[in-house]
Amino acid sequence: MYVYDEYDRTLVAERVAQFRGQVARRLSGELSEDEFRPLRLMNGLYMQLHAYMLRVAIPYGTLSSVQMRQLAMIARKYDKGYGHFTTRQNIQYNWPKLDAVPDILADLAKVEMHAHQTSGNCIRNVTADQYAGAAADEIEDARITSEVIRQWSTFHPEFSFLPRKFKIAVTGSPHDRAAIKVHDIGLRTIRNDHGEVGYEVVVGGGLGRTPIVGLTIREFLPKRHLLSYLEAILRVYNQEGRRDNLFKARIKILVQSMGGTAFTEKVEAEWRAIRKDAVDFSSEDFARIAAQFAPPRYVTSTAHSAEFEAARLADKDFEAWCRTNLAPHKQPGYAIVNISLKPIGGVPGDATAEDMELFAKIAELWSFSAIRVTHSQNLVLPYVRLSDVHAVWQALRGAGLAAPNIDLITDIISCPGLDYCNLANARSIPVAQRISERFASLDRQYDIGELKIKISGCINACGHHHVGHIGLLGVDKKGEEFYQITLGGSADENASLGTLVGPAFSYDRVVDAVETLVETYVTKRQPGEIFLDTYRRLGVAPFKEALYGSHPA
Amino acid sequence: MAQHVVTANRLGDGGVVYLSTAGGWTEWLSEADIVDSDADEARLLAIAERAVAARLVVAPYAIPVERQGASLKALSQRERIRAKGPTIHPQFCKPEAGGTGLESSACMSTTNTTAHW
């Protein structure tokens, strides 16, 4: 994985020292809250309902065992012994004290971590396919492109005060696991007819109050032009994006208001004007960064492991977990292991300090010390030898961390919601917990098959509800929590936005409503169809009728 | 005018506090100073602004409440959760004044059966 150079170390250390001074001046009264707020936000420090919240960046979701142990130490020393992995592949601490935050940042810096680009109207922490470097279907490791963008975008002077925040996602595979079509810019790595690797460039996607699937503005961008082309897009946005209305300031609104063709022409014109003088990484630069992501020293292996197959046959619980939690690896004899952070009735994305230490140890023993955070709020061990998979499972199961439910109905994405978040209108996590408990039976989960439920506690859509097969959006109705339901969303390469099915359900009734939808699917599905297939074939009508009868309230 | 109290977050740790009848800040909604006129609310907010200047709290504002027997209840769900803590982590809930917190109804309004909690 990427190792800091002297420039990175200096930059992070300077920022820690600056923030230490800023906190001291805030506590001494030299800075007012209005003056301090943008400074703390630039360091990932928010004020939430009950306390400060520190959002720590995990660039493109990549962690080492050493870093995971440090996250555990921080949870124990400065917080309440746990952290929350988010849909942005970051981790949030919910209870830090203000005067301790500089020390937390200093402890993060010791393991080459920070909280930059986790807030503010800058280019945010880049997100990527969690299987990068390991996926069997990969064209190129998305971490390389992500790291190039990180180096270019960190504290970029021209793009530190954009009209609004700006999110870039990268996938290295045809199958999109990074939800690139619902980001400000999505980059899909592709190979052209000449065998050259480049990107499909998707712009203007996003969720929030105006959900939009992004528009492809370039079918193929050669790698060597990546940064100048991004600069052209950002320049057009920086100059033309609205700054008068917070709700219309994202690039998606600009693309819609200009029209896709006009926006594309403007970007291309800007690119032609700047590309000669703009900073672009050479193939040597890419190679230098790619070397940091060299494959681990795999043990030469056959594609099959007799030991692994025997364990699957002997233990049905292990077999069940393998069915859902493993993914194909590019290296024969290895597997990608998903660790679900969604035990039945649990808080999606939460991990205790003890959990984190266990993940660190398991990764150290069996995954070359590599861990990934997924935008689905789970973790990944990217390089596990097939013959070690059983040992990994046993270690996880011993701690209650072997939920066999990846992509099943209990693998729910949920934002923190009104339990923690200052912006939320309704709770998300308790709804996820109740749905998880309702569908706790594994047999029932397997029968239902792939079904992605995503829950947001407000219109800002941190829980990605618009792209859930079933999406739930919490709303406030006269001080009470209600939930709107959308159906048919998807965040993959065939991205679609969910359709609102009808009037909202109360906190007490929403789990019943979800069950009604699921039962409707089970009744009407054809062989081989997952929920999304059945919805796309039949449309909203049968689901609507099941929920509301022929006369929706 | 409905009954109101003034709340804020502490500067040092962001903890939820209320302006109390004793004139200071308390963590307990039940000890908050209740007012029912615009003039009294403005008076409390002026006191709160002085606490902002003194670097005790940030972002004070008034919230509607109602008495329910001996206890005081915030009218919005957001403020009920602020008063008692996250409903999903009962172990981190704010105890009632003098209590352990685990009996708090808001905190126990949902189950949490995570194996590793």
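(A) Representation of the overall build of chain B in the model. The helix and strand tally for chain B stands at two helices and five strands. Each helix and strand of chain B, placed in order from N terminus to C terminus, yields the pattern β-β-β-α-β-β-α. Taking as baseline every contact in chain B between residues at least 6 positions apart, the subset at least 24 positions apart corresponds to 47%. For chain B, the exposed surface amounts to about 5200 Å²; the carbon and sulfur share of it is 55%.

(B) Here's a closer look at the pattern of salt bridges. Residues and elements named next belong to chain A. Applying the stated criterion across every chain yields a total of 45 salt bridges over all chains. With a closest N to O distance of 3.0 Å, glutamate 481 and arginine 427 form a salt bridge. One end of the pair, glutamate 481, is in strand 19 (residues 480-487); the other, arginine 427, is in the loop between strand 16 (413-414) and helix 14 (429-438), with 54 residues separating them in the sequence. Arginine 427 matches glutamate 481 in its accessibility class, with the two residues each being buried. Residue glutamate 515 pairs with arginine 438 through a salt bridge whose shortest N-O separation is 2.5 Å. Placement of the pair is glutamate 515 in helix 16 (residues 510-524) and arginine 438 in helix 14, with a sequence separation of 77 residues.

(C) Focus on the sheet that holds strand 9 (residues 197-203) of chain A. Residues and elements named next belong to chain A. Spatial strand order, 6-7-8-9-10: five strands in an open sheet with mixed pairing. Edge positions in the sheet fall to strand 6 (127-128) and strand 10 (215-222), since each of these pairs with one other strand and no more. Both strand 9 and strand 10 contribute to a ladder of five bridges, which runs antiparallel. Pairing of valine 203 across the sheet is with leucine 215, part of strand 10. In the packing of helix 6 (residues 226-240) onto the sheet, the strands contacted are strand 8 (185-191), strand 9 and strand 10, and the crossing angle to strand 10 comes to about 155 degrees. Contacting strand 9 and strand 10, helix 8 (residues 260-274) runs over the sheet at an angle of about 30 degrees to strand 10.

(D) Region of interest: the packing of aromatic side chains. Summed over all chains, the structure comprises 21 aromatic pairs over all chains. Ring plane angle 15 degrees and centroid distance 6.0 Å describe the contact between phenylalanine 19 of chain A and phenylalanine 36 of chain A, whose orientation is recorded as stacked. Of this pair, phenylalanine 19 of chain A sits in helix 1 (residues 6-28) while phenylalanine 36 of chain A sits in helix 2 (residues 33-41), and the two are 17 residues apart along the sequence. The buried category is assigned to phenylalanine 36 of chain A, whose relative accessible area is 0%. Through a chain of ring-to-ring contacts, the aromatic side chains of Tyr82, Trp95 and Tyr420 of chain A together with Phe92 of chain B assemble into a single cluster. Over the ring of tryptophan 95 of chain A we find lysine 80 of chain A, and its NZ or CZ is 4.1 Å from the ring centre.

(E) Just the domain arrangement of chain A, in detail. Residues and elements named next belong to chain A. Splitting chain A by domain gives domain 1 (6-110), domain 2 (142-292), domain 3 (306-398) and domain 4 (413-548). The distance between the C-alpha centroids of domain 1 and domain 3 comes to 29 Å. Listed as interface residues are 21 residues of domain 1 and, on the opposing side, 24 residues of domain 3. The contact between domain 1 and domain 3 buries some 1900 Å² in all, and 54% of this surface belongs to carbon and sulfur atoms. Note that arginine 69 is salt-bridged to glutamate 364, the shortest N-O span being 2.9 Å. The tally of links between domain 1 and domain 3 comes to 15 residue pairs in polar contact (both at pLDDT 80 or more). Taken together, the elements giving at least two residues each to the side of domain 1 that touches domain 3 come down to strand 3 (62-64), helix 3 (65-78) and strand 4 (82-85). The leading source of residues in the side of domain 1 that touches domain 3 is helix 3, at seven residues.

(F) Spotlight on the pairing of strand 1 (residues 4-10) of chain B. Residues and elements named next belong to chain B. Of all seven residues that make up strand 1, six are buried, and the element is covered over most of its length. The pairing of strand 1 with strand 4 (residues 57-68) spans six bridges and is antiparallel. Bridge pairing in strand 4 places asparagine 9 opposite valine 58. If you look at the hairpin formed by strand 1 and strand 2 (residues 16-19), you'll find five residues sitting between the two strands, and glycine 14 has a positive phi there, around 75 degrees.

(G) Representation of the nonpolar core in the model. All names here are of chain A. Counting 62 residues, the largest nonpolar core has Met68, Leu71, Phe85, Trp321 and Val389 as its most contacted members. Tallying contributions element by element places helix 12 (residues 353-366) first for this core, with seven residues. Residue-level mapping places this core at the junction of two domains, with at least three residues from each of domain 1 (6-110) and domain 3 (306-398). The contact partners of valine 389, leaving out residues within four places of it in the chain, are Phe308, Phe318, Trp321, Cys322, Leu326, Ala335, Val337 and Val384. Grouped together as the second largest cluster of nonpolar side chains are 47 residues, Tyr60, Ala128, Ile144 and Ile217 included.

(H) Here's a closer look at the confidence of the model for chain B. Residue and element names in this part refer to chain B. Per-residue pLDDT for chain B averages 84, and the proportion of residues at 70 or more is 81%. Across residues 97-106, confidence stays below pLDDT 50; counting only partners more than four residues off in sequence or on other chains, it has 17 contacts. Within the model, pLDDT remains below 50 along residues 108-117, and this stretch shows 38 contacts once partners closer than five positions in the same chain are excluded.

(I) Looking closely at the side chain of glutamate 270 of chain A. Topologically, glutamate 270 of chain A is positioned in helix 8. If we skip the residues at most four places from it in the chain, glutamate 270 of chain A touches Ala232, Arg235 and Val236 of chain A.

(J) View of helix 5 (residues 142-153) of chain A. Residue and element names in this part refer to chain A. With 12 residues, helix 5 extends 16 Å from end C-alpha to end C-alpha; this agrees with the ideal 16 Å at 1.5 Å per step. Among the residues of helix 5, those classed as buried are Ala142, Arg143, Ile144, Thr145, Ser146, Glu147, Val148, Ile149, Arg150, Trp152 and Ser153. Phenylalanine 155 occupies a position one or two residues after helix 5 and carries a positive phi of about 55 degrees.

(K) Spatial organisation of the interface of chain B and chain A. Taken residue by residue, the interface counts 30 residues in chain B and 43 residues in chain A. For the pair chain B and chain A, the summed buried surface comes to about 2900 Å²; carbon and sulfur atoms form 56% of the total. Taken together, the links from chain B to chain A amount to one salt bridge. Residue arginine 80 of chain B pairs with glutamate 480 of chain A through a salt bridge whose shortest N-O separation is 4.0 Å. Our count for the contact surface shared by chain B and chain A stands at 11 residue pairs in polar contact (both at pLDDT 80 or more). When residues of the side of chain B that touches chain A are traced back to their parent elements, those giving at least two are strand 1 and helix 2 (77-84) of chain B. No other element matches helix 2 of chain B, which puts five residues into the side of chain B that touches chain A.

(L) Just the pairing of strand 12 (residues 334-339) of chain A, in detail. Residues and elements named next belong to chain A. Within strand 12, six of the six residues are buried, leaving the element largely enclosed by the surrounding structure. Where burial is concerned, the two faces of strand 12 agree: the one with Tyr334, Ile336 and Asn338 and the one with Ala335, Val337 and Ile339 are both buried. Note that strand 11 (residues 326-328) and strand 12 share three bridges and pair antiparallel. What sits directly across from leucine 326, in strand 12, is valine 337. Joining the antiparallel neighbours strand 11 and strand 12 is a turn of five residues, in which glycine 333 adopts a positive phi near 90 degrees. Looking at chain direction, strand 12 and strand 15 (residues 379-385) are connected through five bridges and run antiparallel. In the strand pairing of strand 15, isoleucine 339 is matched with leucine 379.

Thresholds applied
- Residues numbered from 1 in each chain as written.
- Chains lettered and ligands numbered in written order.
- Predicted model: local features only at pLDDT ≥ 70, side-chain atom pairs only at ≥ 80, totals over all residues.
- Heavy atoms only, no water.
- Helix = DSSP H or I, 4+ residues; strand = E, 2+ residues; numbered from the N terminus.
- Contact = heavy atoms within 4.5 Å.
- Areas by Shrake-Rupley, 256 points an atom, 1.4 Å probe, with all protein chains shown as cover.
- Salt bridge = Lys/Arg side-chain N within 4 Å of Asp/Glu carboxyl O.
- Buried < 20%, exposed > 50% of the residue type's maximum accessible area, 1.4 Å probe, protein only.
- Pairing = 2+ DSSP bridges.
- Axes fitted to C-alpha atoms, helices over the stretch in contact; angles between N-to-C directions.
- Phe/Tyr/Trp six-rings, centres within 6.5 Å; stacked < 30°, edge-to-face > 60°.
- Lys NZ or Arg CZ within 6 Å of the ring centre and 35° of its normal.
- Domains from an automatic or database assignment.
- Buried area = accessible area lost by both parts, 1.4 Å probe.
- Polar contact = N/O pair within 3.5 Å; in protein donor to acceptor, adjacent residues only side chain to side chain.
- Core = buried A, V, L, I, M, F, W, Y, C linked by side-chain atoms within 4.5 Å.
- pLDDT = per-residue confidence, 0-100.
- Expected span 1.5 Å × (residues − 1).

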